[in-house]
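# Tertiary structure, described
Listed below, chain by chain, are the residues.
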Amino acid sequence: MKPGIALVGPGRVGCAVSKRLHEADYPIISIISRSMERATEACSYIGCSTTLASVQLADLATAQIILLAVPDDQIQRVAKKIQATTHFSRPATLVHFSGFHPAEIMYHQSSPLSLLSLHPLLPFADRQKAYADLQRCPCALESTDPQTLELGEELVDAIGGQPFTLEADKKPLYHSAACLASNYLVTLLASARNLLINCGIESEQAIQLLLPLAQASLENVEELGPEQGLTGPIVRGDIGTVTEHIKTLQDNAPELLNLYLQMGVVTVTNSQRSGRLNPESAAALQALFSAKIKECNAI
Ligand SMILES: NC(=O)c1ccc[n+]([C@@H]2O[C@H](COP(=O)([O-])OP(=O)(O)OC[C@H]3O[C@@H](n4cnc5c(N)ncnc54)[C@H](OP(=O)(O)O)[C@@H]3O)[C@@H](O)[C@H]2O)c1
């Protein structure tokens, strides 16, 4: 018999992960929300009986695995409340899903619970899409206890993911990387979309024009790596084109100029690593970016 699961916080991550665990034959003991309506809806989505819906933390007392899928800023408080108020009838593990916090953030004096952090490296914008994407999703595991890490690997296998371990003190850096690769990528596309709207293109069409470009760029990174997968005026050393980009952004979208310049600096470094940008062009581009950044900062 697999260990019984209780979910606290049936949001996007909690629902998608619990649905996978339920389908992998982990018995669901309770789904706990601050609202009975949301708990009941989550039970229906996950596919377990709606009688397991609850608004009482006490209903997790018989669980062996407690999924604490609440927002990062609530993890410590809710973990403390669970451990301070619940008498667990058997050994249990408390799991949070934050990519930023260590498992130890859930530590509570003299609590018998084991602590695990399990971070699916996936954007959960929509729970059903995320549920599908969990298949082969890399999942970062972190715990000070080797046995708890083993349990984490079993859970990741059950949800279809690919486990890897991470040291607790590396999590902020790791999470910053995830933020750059996912959240900032989306923001960059929104910014590019806004520039196309300035060209007179409809918002929806703008996204459809940009997506194949972005997807092909991702494929280039996959096939060639981020250095050889880089294209465009910077790696070609086309300083004239970059100078005109800066002018047109100054005139038409000054709110994006600083972003363009800062990304330009990093792109020059990446171009140099690729071995395709000669040192003279790199120096000229860095001088151009530095001068414009200084101008921006002086305003
Ligand atoms: N979103 C992502 O892309 C992603 C990816 C990987 C990991 N994670 C991590 O997964 C965890 C959950 O994120 P999520 O995106 O699933 O969030 P979410 O969709 O907002 O769900 C969080 C749930 O926690 C409950 N909750 C909210 N505020 C609370 C409070 N003040 N006290 C107690 N419960 C509260 C809510 O459930 P009720 O209202 O029903 O109580 C809510 O549905 C976070 O640690 C996050 O860092 C997120």
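Residues numbered from 1 in each chain as written. Predicted model: local features only at pLDDT ≥ 70, side-chain atom pairs only at ≥ 80, totals over all residues.

## Thoughts on the overall build of the protein chain
What counts here: Numbering of helices and strands runs from the N terminus; a helix is a DSSP stretch of H or I covering at least four residues, while a strand is a stretch of E covering at least two. Working definition of a contact: two residues with C-beta atoms, positioned from the backbone, lying within 7 Å.
Within the protein chain, the secondary structure is distributed over 11 helices and eight strands. Overall size of the protein chain, expressed as C-alpha extent along the three principal axes, is 70 × 40 × 40 Å. In the protein chain, once contacts between residues fewer than 6 apart in sequence are set aside, the share between residues at least 24 apart is 60%.

## Side note on the nonpolar core
The cut-off we apply is this: Here, a nonpolar core means buried Ala, Val, Leu, Ile, Met, Phe, Trp, Tyr and Cys residues linked by C-beta atoms lying within 7 Å of one another. Residue burial here comes from a neighbour count, namely the number of other C-beta atoms, placed from the backbone, that lie within 10 Å of the residue's own C-beta, with 20 or more meaning buried, 12 or fewer meaning exposed, and in between meaning partly exposed.
Grouped together as the largest cluster of nonpolar side chains are 53 residues, with contacts concentrated most on Ile5, Ala6, Val8, Ile31, Ile66, Leu67 and Leu68. Of all the elements, helix α1 (residues 12–23) adds the most residues to this core, at five residues. Setting aside anything within four residues of it in sequence, one finds leucine 68 in contact with Val8, Gly9, Ile75, Val78, Ala79, Leu94, Val95 and His96.

## Quick notes on the sheet that holds strand β3 (residues 53–54)
Short version of the rule: Any two strands with at least two DSSP-identified bridges between them are counted as paired. Under this scheme, a helix contributes an axis fitted over its contacting stretch, all axes are lines through C-alpha atoms, and angles between N-to-C directions fall in the 0 to 180 degree range.
Across the sheet, which stays open at both edges, the eight strands sit in the order β3-β2-β1-β4-β5-β6-β7-β8 with mixed pairing between neighbours. For this open sheet the edge positions go to β3 and β8 (162–165), each flanked by a neighbour on one side alone. Sheet topology note: the strand β4 (residues 65–68)/strand β5 (residues 93–96) ladder contains four bridges and is parallel. Residue isoleucine 66 lies in a different strand from β5, and its bridge partner there is leucine 94. Sheet strands in contact with helix α2 (residues 36–46) are β2 (28–32) and β3, and its direction is about 140 degrees off that of β2. Strand contacts of helix α3 (residues 72–85): β1 (5–8), β4 and β5, with the helix running at about 150 degrees to β4, the strand carrying the most contacts.

## Thoughts on the site of the ligand
Rule in force here: By definition, a residue lies near a molecule or strand when the C-beta atom built from its backbone is within 6 Å of it. Note on residue categories: nonpolar means Ala, Val, Leu, Ile, Met, Phe, Trp, Tyr, Cys or Pro, charged means Asp, Glu, Lys or Arg, and polar means any other residue, Gly included.
In the vicinity of the ligand lie 25 residues, with Gly9, Gly11, Val13, Ser33 and Phe97 positioned nearest. Looking at the shell around the ligand residue by residue, the classes come out as 11 nonpolar, 10 polar and four charged.

## As for α2
An α-helical segment advances 3.6 residues per turn. Residues three or four places apart therefore align on the same side. Heads up, the rule is: Here, the arc refers to the directions that run from the helix axis to the C-beta atoms.
Those residues of α2 that fall on the buried side of the exposure criterion are Ala39, Ala42, Cys43 and Ile46. An end-on view of α2 places all buried positions within 105 degrees of arc, on one side of the element. Opposite the packed face of α2, turned more than 90 degrees from it, sit the exposed residues Glu37 and Ser44. Elements in contact with the buried residues of α2: α1, β2 and β3. Positioned one or two residues after α2, glycine 47 has a phi angle of 100 degrees, which is positive.

## Quick look at the packing of helix α9 (residues 239–252) against helix α10 (residues 257–274)
Let me state the cut-off plainly: Comment on the angle field: the value is read as roughly parallel under 35 degrees, roughly antiparallel over 145, roughly perpendicular from 65 to 115, and oblique elsewhere.
At their nearest, the axes of α9 and α10 sit 9 Å apart, and the two run at 160 degrees to each other. Here α9 lies roughly antiparallel to α10, going by the angle between them. Where α9 abuts α10, its residues Val242, His245, Leu249 and Gln250 lie against Leu257, Tyr260 and Gly264. Classifying every residue of the contact of α9 with α10 by side-chain character gives four nonpolar, three polar and no charged.

## Overview of the domain arrangement of the protein chain
Stated formally: Note that the domain bounds were set by an automatic or database domain assignment.
Each assigned domain of the protein chain is listed here: domain 1 (5–166) and domain 2 (173–298). Summarising the inter-unit geometry, the C-alpha centres of domain 1 and domain 2 are found 38 Å apart. Taken together, the contacts link six residues of domain 1 with four residues of domain 2.

## Some thoughts on the environment of valine 13
Tracing the chain through its elements places valine 13 in helix α1. Along the backbone, valine 13 and alanine 125 are 112 residues apart, and their C-alpha atoms lie at a distance of 9.4 Å. Ignoring anything within four residues of it in the chain, the contact list for valine 13 reads Ala69, Phe97 and Phe124.

## Considerations on the packing of helix α7 (residues 203–228) against α10
α10 packs onto α7 with a crossing angle of 105 degrees between their chain directions and a minimal axis gap of 8 Å. Considering their axes alone, α7 and α10 lie roughly perpendicular with respect to each other. Along its contact with α7, which presents Pro226, Glu227 and Gln228, the element α10 presents Asn270, Arg273 and Ser274. Class assignment of the residues belonging to the contact of α7 with α10 gives a composition of one nonpolar, three polar and two charged.

## What to know about helix α6 (residues 171–198)
Just so we agree on the cut-off: In this analysis, the expected span of each helix is defined as 1.5 Å times one less than the number of residues it contains. Fitting axes to the seven residues ending at a residue and to the seven starting there, one defines the bend at that residue as the angle between these axes.
For α6, spanning 28 residues, the distance from its first C-alpha to its last is 39 Å, which sits close to the expected 40 Å at 1.5 Å a residue. Of all the bends in α6, the largest measures some 35 degrees and sits at cysteine 179. Directly beyond the C-terminal end of α6, a positive phi value near 95 degrees is found at glycine 200.

## Looking at the environment of phenylalanine 164
Along the polypeptide, phenylalanine 164 turns up in strand β8. Among all residues touching phenylalanine 164, those that are not within four sequence positions of it are Pro138 and Ala140.

## So, the pairing of β8
The test is simple: Here the term right-handed applies to a crossover when the path leading from its first strand over the helix to its second strand runs clockwise, the strands being oriented away from the viewer.
Sheet topology places strand β7 (residues 138–142) next to β8; four bridges connect them, and they run parallel. Note that in β8 the partner of proline 138 across the bridge is glutamine 162. A crossover connection joins β7 to the parallel β8 through helix α5 (residues 146–159); in handedness this β-α-β unit is right-handed.

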